[in-house]
Amino acid sequence: MAGPASSTALRFDHVTVRFDEVTALDDVSLEIFEGESCVILGAAASGKTVLLKTALGLIRPDAGRVYVFGREITRLPEDELQRIRARIGMVFQEGGLFDSLTVEENVAYPLRYQPGARYAPEEVRRRVEEALRFVELEHTLEKFPSELSGGMRRRVGIARAVVTEPDLLLYDSPTAGLDPITAYTIMALILKERDTRRATTVVVTQRYQDGVWLSDFRYNPSNGRLELAAGDGEVGGAATRFVVFREGRLAFQGSRAELEGCADPYVAKFARR
Amino acid sequence: MLDLLKPPVLSVQEFFVLSGRAIRNVARRPHYVDDIILQMDTIGVGSLPIVVLTGFFSGAVMALQLTKALMTYGAVGKTGELVAITLVREMGPVLTALMVAGRNSSGMASEIGSMKVTEQIDAMRALGTDPTQKLVTPRLIATAIVLPLLTIIADFLGLVGGFMIAYFLLKMTPAQYWNSAWQALEYSDLFQGLIKPFAFAFVIALVGCHYGMQTTGGTQGVGRSTTRAMVVASVWIFVLDFFITRFFVGV
């Protein structure tokens with residue numbers, strides 16, 4: 001939904017990414033507006049993760065252009081990219097935590113090392129504790145990632161991504177391989193972050209259920225639970241967009257109702273609950 | 001044929017790109033001093049026991065072997081001189097570098113390799129740090145500082161090892177051994193003996209980090225890079241040693 005004040009957080013303009021013989025992204029054009037939620041569905045190895053890494057500038061496209069907050073990043077040098085990355089939070093598939101650092105040091109990492117970040121040690125400590133309280137892991141400060149369960153590692157990954165209060169959050173398969181209860185906890189955190197700070201949220205997933213959470217539910221701060229949002233697919237004025245990838249190509253793009261009505265058998269497979 | 005050549009050529013190119021960046025970063029901010037000190041501890045202090053042992057025994061063995069040859073010329077008195085020259089010029093630097101390559105090139109490759117396959121390297125970049133600056137340059141600086149120091153220790157212990165043989169088996173006096181050892185050494189020997197570990201440090205750190213960064217294919221890939229890093233670093237130490245020696249020993 002292109003509201004009056006909304007501009008694009010992320011724009012892909014005919015982007016192609018190749019690895020040797022494999023084409024990971026094939027002529028992908030996509031726009032995600034600020035404040036919007038985007039659910040990216042697709043089978044394994046369909047280019048979903050590559051899309052997120054290209055958005056961060058970790059992978060440079062072979063053709064096409066990528067814009068982040070209206071700025072083209074395709075040919076930016078690494079140190080300029082770092083400044084843009086500071087506005088993006090990324091949660092990697094398995095959390096991507098640094099094994100050699102404690103949970104506290106992991107979450108403090110962007111505050112300490114991001115270019116332009118100058119925080120006093122007490123400020124770092126306060127924000128780390130706040131971020132860990134957000135994911136309800138404030139008791140694990142001194143632990144190492146290897147001592148945590150898979151779900152906890154991802155929660156720490158979320159804490160590390162939100163600690164800098166970024167404007168755009170990218171989640172790479174946040175619920176993959178988790179039991180339904182833990183998956184719910186993770187999705188609740190993603191919605192909590194989205195609905196309290198209105199950050200643009202992009203979630204890559206293989207489970208349609210995650211998309212339903214994002215499009216139909218919202219976080220209720222009074223009881224800390226997710227509840228069905230009023231209206232159809234609109235939460236807080238921003239729509240949830242669904243995107244389906246097939247072998248590096250965009251197979252579908254639209255709202256949830258459109259997705260469920262889509263006749264394409266591949267796309268329809270994802271729309272089944 | 002071209003397809004066969006492509007991967008190694010690409011790998012060499014990647015190696016030089018990484019080396020260039022790592023070396024350029026030495027003069028660039030930010031400097032991760034904590035990481036440098038941590039690496040100096042793992043590489044330097046961690047390698048101390050094996051360097052001490054190999055240094056001592058290689059000196060002792062050399063003294064034993066040389067005695068046999070020196071006896072035929074009736075020049076057993078020159079044991080100190082020969083041990084000193086071979087150790088300081090050749091054996092000390094090369095053996096120490098090989099030991100550290102075995103321990104640390106493979107260590108760096110496996111550590112960075114596991115970070116690569118678990119997306120920690122990507123995370124590092126996503127969180128605003130340059131992995132070359134944060135991982136490779138500290139290892140390079142640490143190795144370049146520590147390896148010459150380790151070599152000095154190995155040289156000294158090798159001389160002690162040689163002395164043990166000379167004193168207990170050959171019944172030489174301490175003055176005889178140490179004087180001949182001391183007088184045999186020239187400044188150019190010391191220089192050669194210190195420039196070598198400095199050069200080998202680049203091989204050890206950069207080869208280890210390069211194979212770490214190149215790792216693909218999960219845990220199995222980490223094992224592969226670990227082995228490769230150690231083998232390639234060891235071979236290059238010998239090759240580089242030949243060229244440095246050739247430069248000093250003008251025939």
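If you're wondering where the values come from, they're calculated on a predicted model, not measured in any experiment.

Draft legend 1. Structural view of the confidence of the model for chain A. All names here are of chain A. Chain-level statistics for chain A give a pLDDT mean of 85 and a share of 94% at 70 or above. The weakest mean pLDDT in chain A belongs to strand β11 (residues 234-235) at 49; the strongest belongs to strand β7 (residues 168-172) at 93. The low-confidence segment residues 1-5 (pLDDT under 50) makes 7 contacts with residues lying over four places distant or belonging to another chain.

Draft legend 2. Here's a closer look at the pattern of salt bridges. Inspection of the entire model under this criterion finds 27 salt bridges over all chains. Its salt-bridge partner being Glu80 of chain A, residue Arg71 of chain A comes within 3.0 Å of it at the nearest N-O pair. Residue classification places Arg71 of chain A among the partly exposed residues on the basis of a relative accessible area of 39%. In this structure, the salt-bridge partner of Asp241 of chain B is Lys196 of chain B, at a minimum N-O distance of 2.9 Å. You can see Asp241 of chain B sitting in helix α8 (residues 218-248) and its partner Lys196 of chain B sitting in helix α7 (residues 187-213), a full 45 residues away along the chain. Lys196 of chain B carries the same exposure label as Asp241 of chain B, and that label is buried. Salt bridges here are not isolated pairs; linked through shared partners, they connect Lys53 of chain A together with Glu119 and Asp122 of chain B.

Draft legend 3. Quick look at unusual backbone geometry. With an omega dihedral of -5°, the bond running from Arg29 of chain B to Pro30 of chain B counts as a cis peptide bond. By the secondary structure assignment, Pro30 of chain B is in the loop between α1 (2-25) and α2 (33-73). Backbone geometry places Glu165 of chain A, a non-glycine residue, at a positive phi of 50°. Exposure remark for Glu165 of chain A: the relative accessible area of 43% places this residue in the partly exposed category.

Draft legend 4. A look at the packing of α2 of chain B against helix α5 (residues 131-168) of chain B. Residues and elements named next belong to chain B. Close contact between α2 and α5 brings their axes to 6 Å; oriented N to C, the two are set at 25°. One element, α2, and the other, α5, form an angle in the roughly parallel class. Crossing geometry of α2 relative to α5 is assigned as right-handed. Here the contact of α2 with α5 is built from residues that sort into 22 nonpolar, 9 polar and 3 charged.

Draft legend 5. Expanded view of the pairing of strand β3 (residues 37-42) of chain A. Residues and elements named next belong to chain A. With 6 of 6 residues buried, β3 lies mostly within the body of the structure. Neither face of β3 is open: one carries Ser37, Val39 and Leu41, the other Cys38, Ile40 and Gly42, and all of them are buried. Relative to strand β8 (residues 200-205), β3 runs parallel, the two being bridged by 5 bridges. Among the inter-strand pairings, Leu41 is bridged to a residue of β8, identified as Thr205.

Draft legend 6. Structural detail: the domain arrangement of chain A. Residues and elements named next belong to chain A. On domain assignment, one finds that chain A holds domain 1 (1-78 + 168-177 + 199-273) and domain 2 (88-165). Relative placement of domain 1 and domain 2: their C-alpha centres are 24 Å apart. Residue-level contacts link 16 residues of domain 1 with 10 residues of domain 2. Here domain 1 is connected to domain 2 by 0 salt bridges. Across the contact surface, domain 1 and domain 2 share 6 residue pairs in polar contact (both at pLDDT 80 or more). Contributing elements (two or more residues each) for the side of domain 1 that touches domain 2: α1 (48-55) and β7.

Draft legend 7. Seen up close, the environment of Ala181 of chain B. All names here are of chain B. Inspection of the secondary structure assignment puts Ala181 in helix α6 (residues 174-184). Spatially, the C-alpha atoms of Ala181 and Gly80 are 4.4 Å apart, while their sequence positions differ by 101 residues. Discounting residues that sit within four places of it in the chain, Ala181 has contacts with Gly80, Glu81, Ala84 and Leu159.

Draft legend 8. Representation of helix α2 (residues 78-85) of chain A in the model. Along α2 of chain A, the positions that sit buried rather than exposed are Leu81, Gln82, Ile84 and Arg85 of chain A. Mapping the buried residues of α2 of chain A onto a view down its axis gives an arc of 165°, with all of them on the same face. Seen from the open side of α2 of chain A, the exposed residues pointing more than 90 degrees away from its buried face are Asp79 and Arg83 of chain A. In the core, the buried residues of α2 of chain A are packed alongside β4 (63-68), β5 (71-72) and β6 (88-91) of chain A together with α4 (120-126) of chain B.

Draft legend 9. Layout of the packing of aromatic side chains. Enumeration over the complete set of coordinates arrives at 18 aromatic pairs over all chains. Note on Phe163 of chain B and Tyr177 of chain B: the rings are 5.5 Å apart at their centroids and 55° apart in plane angle, and the pair reads as tilted. Residue Phe163 of chain B is found in helix α5, and its partner Tyr177 of chain B is found in helix α6; the two are separated by 14 residues along the sequence. Classification of Phe163 of chain B as buried rests on a relative accessible area of 15%. Residues Tyr167 of chain B and Phe168 of chain B carry aromatic rings whose centres are separated by 5.1 Å and whose planes lie at 85° to one another, so their mutual orientation is edge-to-face. By way of ring pairs, the aromatic residues Phe163, Tyr167, Phe168, Tyr177 and Trp178 of chain B are connected into one cluster. Sitting above the plane of the Tyr67 of chain A ring, Arg11 of chain A keeps its charged end 4.5 Å from the centroid.

Draft legend 10. Region of the structure containing α5 of chain B. Residue and element names in this part refer to chain B. For α5, built from 38 residues, the straight-helix expectation of 56 Å at 1.5 Å per residue is met to within 8% by its first-to-last C-alpha distance of 53 Å. At Thr137, α5 is bent by approximately 30°, the largest bend along its length, and proline Pro138 sits one to four residues beyond. With 29 of its 38 residues buried, α5 lies for the most part within the structure. At the N-terminal end of α5, a side-chain oxygen is found 3.1 Å from the backbone nitrogen of Thr132, two or three residues along, and the residue is Asp130.

Draft legend 11. Local environment of the sheet that holds strand β1 (residues 8-19) of chain A. All names here are of chain A. Pairing in this open sheet of 4 strands is antiparallel, and the strands run β2-β1-β4-β5 from one edge to the other. Two strands bound the open sheet, and with one partner strand each, they are β2 (22-33) and β5. The pairing of β4 with β5 spans 2 bridges and is classified as antiparallel. Of the residues in β5, the one forming a bridge with Val68 is Arg71.

Draft legend 12. Up close: the interface of chain A and chain B. Counting from both sides, the interface comprises 22 residues of chain A and, opposite them, 15 residues of chain B. For the pair chain A and chain B, the two sides together bury roughly 1,600 Å², of which 52% comes from carbon and sulfur. Applying the counting rule to chain A against chain B returns 3 salt bridges. At the junction of chain A with chain B, the criterion picks out 9 residue pairs in polar contact (both at pLDDT 80 or more). Residue composition of the side of chain A that touches chain B, by class: 9 nonpolar, 6 polar and 7 charged.

Calculation notes
Residues numbered from 1 in each chain as written. Chains lettered and ligands numbered in written order. Predicted model: local features only at pLDDT ≥ 70, side-chain atom pairs only at ≥ 80, totals over all residues. Heavy atoms only, no water. pLDDT = per-residue confidence, 0-100. Helix = DSSP H or I, 4+ residues; strand = E, 2+ residues; numbered from the N terminus. Contact = heavy atoms within 4.5 Å. Salt bridge = Lys/Arg side-chain N within 4 Å of Asp/Glu carboxyl O. Buried < 20%, exposed > 50% of the residue type's maximum accessible area, 1.4 Å probe, protein only. Axes fitted to C-alpha atoms, helices over the stretch in contact; angles between N-to-C directions. Parallel < 35°, antiparallel > 145°, perpendicular 65-115°, else oblique. Left-handed = near helix turned anticlockwise from the far one by under 90°. Nonpolar A, V, L, I, M, F, W, Y, C, P; charged D, E, K, R; others polar. Pairing = 2+ DSSP bridges. Domains from an automatic or database assignment. Polar contact = N/O pair within 3.5 Å; in protein donor to acceptor, adjacent residues only side chain to side chain. Arc of directions from axis to C-beta. Phe/Tyr/Trp six-rings, centres within 6.5 Å; stacked < 30°, edge-to-face > 60°. Lys NZ or Arg CZ within 6 Å of the ring centre and 35° of its normal. Expected span 1.5 Å × (residues − 1). Bend = angle between axes of the 7 residues up to and from the residue. Buried area = accessible area lost by both parts, 1.4 Å probe.

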